[in-house]
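Coordinates in review
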Amino acid sequence: MLPRESLLKGVEHREELTQVIDRAERSLKTWEVVATDFLSPPVLAECQAAFASLTEVKLVPWGGYPQAERNRLAIAREEIPLETENVEIALIEIAGNFLFDTATHRDFLGSLLGTGIVREKTGDIIVLGDRGAQAIVVPELVEFLEMNLTQVRSVPVKTQRIDLSELKVKAPKRQEMTSVEASMRLDAIASAGFRTSRSKMVQMIEGKDVRVNWKEITQSSYTVKTGDLIAIRGKGRLEVGDIAVTKKQRYRVQMVRLV
């Protein structure tokens, strides 16, 4: 048995981590590879941190592509070979003409959940403009979604499974930059890194569109530090690097934007 109470001590996502521990114990007992449902980035990070000190089990995350936000975890005994191929996922295409009724990530997610499935069964959703979207899901839901996901907003759609090789994502481009700011406030650093106005960034933060280290932050005054990852859906991610204080007591911040 795993040291359950030690693993759960001080964690934020206790319920989700408990479920992962249950599956890990099953993998130890059966000598099989056991997979979780899709985990959000903060839950995944907490799971990996909690299991880091254990030697009897290992974890491999996979969400269909290297920079996927939502991942399933494959769990197995240390003695068992474990690769991303052990994480079973499927890709579906949600095709329709959205030229005159544009659909967002939220619209596609809402339609998926509207069929009655739960969020944990779906991974990332890649919006393809006026052509529809692609969604990564657990394989056992493919047939159900092919029959039941027939409309997004006012647009009729055809949902079908496609090969993972058809996933339309690009490797992120790295943009290194340096900015000098009066403070390390989230709105200041994020507006500089994402090259948008301070007022617009405040709106995005207050609108719950901005996450720091995968946690939703709604306070513009939140203090950013070295190593933080700032993410905005549709705009990429921003890695905060070295911070130096200038002679005028301002902050020179190294940043890398991934788009």
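Residues numbered from 1 in each chain as written. Predicted model: local features only at pLDDT ≥ 70, side-chain atom pairs only at ≥ 80, totals over all residues. Heavy atoms only, no water.

Focus on the nonpolar core
- In this structure, I92, I94, F108 and L112 are the most contacted members of the largest nonpolar core, which totals 37 residues.
- For this core, the secondary-structure elements that each account for two or more residues are β3 (72-77), β4 (90-95), α4 (105-114), β5 (122-127), β6 (132-137) and α5 (142-148).
- If we skip the residues at most four places from it in the chain, I92 touches L112, A133, Q134, A135, V137, V142, L145, T159, Q160, R161 and I162. (Core = buried A, V, L, I, M, F, W, Y, C linked by side-chain atoms within 4.5 Å. Buried < 20%, exposed > 50% of the residue type's maximum accessible area, 1.4 Å probe, protein only. Helix = DSSP H or I, 4+ residues; strand = E, 2+ residues; numbered from the N terminus. Contact = heavy atoms within 4.5 Å.)

Here we look at the layout of surface pockets
- Quantified by volume, the largest pocket comes out at close to 1,700 Å³.
- Along the walls of the largest pocket sit 50 residues, with E69, H105, D124, R211 and R233 positioned nearest its centre.
- Sorting the residues of the lining of the largest pocket by element identifies α2 (14-30), α3 (41-51), α4, β5, β13 (229-232) and β14 (236-245) as the ones contributing at least two each.
- For the lining of the largest pocket, the residue count by class is 20 nonpolar, 10 polar and 20 charged. (1 Å grid on protein atoms, 1.4 Å probe; cavity = no way out; pocket = protein on both sides within 12 Å on 5 of 7 lines; lining within 4 Å. Points joined across faces, edges and corners; volume = space filled by probe spheres on them. Nonpolar A, V, L, I, M, F, W, Y, C, P; charged D, E, K, R; others polar.)

Digging into the sheet that holds strand β9 (residues 158-162)
- With respect to topology, 4 strands assemble into an open sheet ordered β5-β6-β4-β9, the strand pairing being antiparallel. Each of the sheet's edge strands pairs with one partner strand only, and the pair in question is β5 and β9. Pairs of neighbouring strands in the sheet enclose a mean axial angle of 25°, with direction left out of account.
- Here β5 runs beside β6; their pairing, made up of 4 bridges, is antiparallel. Looking at the pairing, I126 lines up with Q134 of β6.
- Across the sheet, α4 lies against β4, β5 and β6, angled at about 140° from β5, the strand it touches most. (Pairing = 2+ DSSP bridges. Axes fitted to C-alpha atoms, helices over the stretch in contact; angles between N-to-C directions.)

Quick notes on the sheet that holds strand β12 (residues 215-216)
- In spatial order, the strands read β10-β15-β14-β13-β11-β12; together these 6 strands make up an open sheet with antiparallel pairing. A strand with exactly one partner marks an edge of an open sheet, and here the two such strands are β10 (174-181) and β12.
- In the sheet, β10 pairs with strand β15 (residues 251-258) via 8 bridges, with the strands oriented antiparallel. For E181, the partnering residue across the bridge sits in β15 and is Y251.
- Against the sheet, helix α6 (residues 186-193) contacts β10, β11 (210-212), β13, β14 and β15, and its axis sits at roughly 135° relative to β10.

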